[in-house]
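The chain contents come next:
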Amino acid sequence: RAVFDQASGFQLYRAILSDEAHERLILEGQLHEALQGAGQLELHYQPQASLASGRIVAVEALVRWRHPTRGLIPPAQFIPLAEASGLIIALGERVLHTACQQAADWQRAGLPAITMAVNLASAQWAQPGALVATVRSALSSSGLEPQWLELELTESTSMHAPTTTIEVMKQLRKMGVHLSIDDFGTGYCNLSYLKRFPVDKLKIDRSFVSDITTDPDDLAISRTVAAMAHQLGLEVVAEGVETEGQLALLAEAGCDLIQGFYFSRPLPPDACASMMADRATLPPWRKEREQQTL
Ligand code: C2E
Ligand code: MG
Ligand code: MG
Ligand code: MG
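Cut-offs applied
Residues numbered from 1 in each chain as written. Chains lettered and ligands numbered in written order. Predicted model: local features only at pLDDT ≥ 70, side-chain atom pairs only at ≥ 80, totals over all residues. Heavy atoms only, no water. Donors = N, O, S within 2.8 Å, 3.2 Å for Na, K, Ca; no water. Helix = DSSP H or I, 4+ residues; strand = E, 2+ residues; numbered from the N terminus. Buried < 20%, exposed > 50% of the residue type's maximum accessible area, 1.4 Å probe, protein only. Near = heavy atom within 4 Å. Polar contact = N/O pair within 3.5 Å; in protein donor to acceptor, adjacent residues only side chain to side chain. Areas by Shrake-Rupley, 256 points an atom, 1.4 Å probe, with all protein chains shown as cover. Pairing = 2+ DSSP bridges. Right-handed = clockwise from strand over helix to strand, strands pointing away. Expected span 1.5 Å × (residues − 1). Phe/Tyr/Trp six-rings, centres within 6.5 Å; stacked < 30°, edge-to-face > 60°. pLDDT = per-residue confidence, 0-100. Axes fitted to C-alpha atoms, helices over the stretch in contact; angles between N-to-C directions. Parallel < 35°, antiparallel > 145°, perpendicular 65-115°, else oblique. Left-handed = near helix turned anticlockwise from the far one by under 90°. Contact = heavy atoms within 4.5 Å. Nonpolar A, V, L, I, M, F, W, Y, C, P; charged D, E, K, R; others polar.

## Quick word on the coordination of the magnesium ion (ligand 3)
Alright, step 1. For the magnesium ion (ligand 3), the full set of protein donor atoms is D182 (OD), D183 (OD), E239 (OE) and E239 (OE), and the range of their distances to it is 2.1 to 2.5 Å.
Alright, step 2. In the primary structure, the donors to the magnesium ion (ligand 3) are separated according to the pattern D-D-x55-E.
Alright, step 3. A separation of 4.1 Å is found between the magnesium ion (ligand 3) and the magnesium ion (ligand 2), which are bridged by D182. Placement of the pair is D183 in strand β6 (residues 178-184) and E239 in the loop between β8 (235-238) and α11 (244-253), with a sequence separation of 56 residues.
Alright, step 4. Given the relative accessible area of 25%, D183 is considered partly exposed.

## A look at the site of ligand 1
Alright, step 1. Not every one of the 22 residues close to ligand 1 is listed here, only the nearest: R64, N119, D182, E242 and F261.
Alright, step 2. Here an oxygen atom of ligand 1 sits 3.2 Å away from a polar atom, N or O, in the side chain of D183.
Alright, step 3. A distance of 2.8 Å separates an oxygen atom of ligand 1 from a polar backbone atom of F261.
Alright, step 4. Starting from 810 Å² of accessible surface for ligand 1 in isolation, the protein chains cover 81%.

## A few points about the coordination of the magnesium ion (ligand 2)
Alright, step 1. Protein coordination at the magnesium ion (ligand 2): the donors are E60 (OE), N119 (OD1), E152 (OE) and D182 (OD), at 2.0 to 2.2 Å from the metal.
Alright, step 2. Considered as a linear motif, the donors of the magnesium ion (ligand 2) on their single chain read E-x58-N-x32-E-x29-D.
Alright, step 3. N119 sits in the partly exposed class, given a relative accessible area of 29%.
Alright, step 4. A relative accessible area of 1% places E152 in the buried class.

## Notes on the pairing of β8
Alright, step 1. Sheet topology note: the strand β7 (residues 201-204)/β8 ladder contains 4 bridges and is parallel. Paired with K203 across the strands is V237, a residue of β8.
Alright, step 2. Bridging between β8 and strand β9 (residues 257-259) involves 2 bridges; their strand directions are parallel. Its bridge partner being in β9, A238 is matched across the sheet by I258.
Alright, step 3. Note on the crossover from β8 through α11 to β9: the handedness is right-handed.

## Some words on helix α3 (residues 88-108)
Alright, step 1. Relative to the 30 Å expected for 21 residues at 1.5 Å per residue, α3 spans 30 Å between its end C-alpha atoms, a close match to the ideal helical length.
Alright, step 2. Residues of α3 that are buried: I88, L91, G92, V95, L96, A99, C100, Q102, A103, A104 and W106.
Alright, step 3. G110 sits one or two residues past α3 and shows a positive phi near 95 degrees.

## Things to note about the packing of aromatic side chains
Alright, step 1. Scanning the entire structure with this criterion turns up 2 aromatic pairs.
Alright, step 2. Considering the side-chain rings of Y45 and W106, the 5.1 Å spacing of their centres and the 70 degrees angle between planes classify their relative orientation as edge-to-face. A residue pair is termed long-range when its members are at least 10 positions apart, and Y45 in strand β1 (residues 41-50) and W106 in helix α3 qualify at 61 residues.
Alright, step 3. A relative accessible area of 6% means that W106 is categorised as buried.
Alright, step 4. With centroids separated by 5.7 Å and ring planes inclined at 75 degrees, the aromatic side chains of W65 and F78 adopt a geometry described as edge-to-face.

## Let's talk about the confidence of the model for the protein chain
Alright, step 1. Looking at the protein chain as a whole, the pLDDT averages 90, with 89% of positions reaching at least 70.
Alright, step 2. On the interface metric, ipTM, the complex scores 0.97, and its pTM is 0.92.

## A few points about the packing of helix α10 (residues 216-231) against α11
Between two packed helices, the angle of one axis relative to the other and the distance separating the axes together describe the packing.
Alright, step 1. Where α10 meets α11, the closest approach of the two axes is 8 Å, and the angle between their N-to-C directions is 40 degrees. Here α10 is positioned oblique relative to α11, judged by the angle of their axes. In the crossing of α10 with α11, the sense of the turn from one axis to the other is right-handed. Here L219, S222, R223 and A226 of α10 come into contact with α11, specifically with L249, L250, E252 and A253.
Alright, step 2. Taken together, the residues that form the contact of α10 with α11 break down as 5 nonpolar, 1 polar and 2 charged.

## Observations concerning the packing of helix α5 (residues 128-142) against helix α7 (residues 163-175)
Alright, step 1. Packing of α5 against α7 brings their axes to within 10 Å, and their N-to-C directions diverge by 15 degrees. As summarised for this structure, α5 and α7 are arranged roughly parallel, according to the angle between their axes. In terms of crossing hand, the pair formed by α5 and α7 is right-handed. Where α5 approaches α7, its residues P128, L131, V132, V135, R136 and L139 are matched on the opposing element by V168, Q171, L172 and M175.
Alright, step 2. Grouping the constituent residues of the contact of α5 with α7 by class yields 8 nonpolar, 1 polar and 1 charged.

As structure tokens, this is what we get:
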């Protein structure tokens, strides 16, 4: 390997590529197995707090894979694989059932009722019959009332949505399920589709939130999105809120809910339940600001 020539360079490159392909194949097989059994795929829950009350009004279910040898794998490392292999359908079904069951269990345990938000992949929207059937069965087997379930579709999914997707969205909405647009602002920003879409919520993407205290453009965008969403009768969630400074500006911009590490990281079920049981509220940032102006 010390001596580089065209041929061996090429060989080495091929070896790396096939290692990666091999790796993917192994991981795919293991994901397939994980989906057969119980226990390896878990959901963590990230609270969303209302800026009006400071309280938890919703949680977003975020999947993690507790791999037998690699530890806890974040979704970015296996959702794309699941999408490419078609395993996303089974995974999505598992996630929906688990999340609905969890929300119903928490309500039965006497915790304050909250909205359970679940991410859906494009491929799930591409099989409308299966999606509606899965949502129905997740609701009926858990006993969760549909009004407590919210389905998130990303802006890019919704941008490329054929009319059948809109029909499915309407059908889900008729069942009483809520819909939200995730990562808003990262797509092509064709605002006219918002009018056609039967959604309830917009989630302003983290990329606008992260620099909001230093980038006046990001603040202007957040204000405009919030104002427009309200005009359309939608609620606005800010994603990825990490600091009190960001929170203050987003509140001023008119956001209704915040989600991010500042309030809470995604939590395992028990930790999330404790937070709800403790009636956790946002740190009293309002008071501090009021005191500053006295
Ligand atoms: P997302 O739906 O936009 O979820 C928010 C992501 O931002 C989560 O990453 C969350 O942990 C992270 N986050 C939240 N607050 C903060 C913050 O203050 N700072 C920073 N830096 N990050 C924050 P996570 O859990 O790694 O999930 C990544 C993505 O994977 C999700 O983005 C979603 O697109 C996808 N995903 C997660 N669970 C599922 C699932 O069950 N099904 C499908 N189809 N996709 C999922
Ligand atoms: Mg999401
Ligand atoms: Mg997002
Ligand atoms: Mg910027």
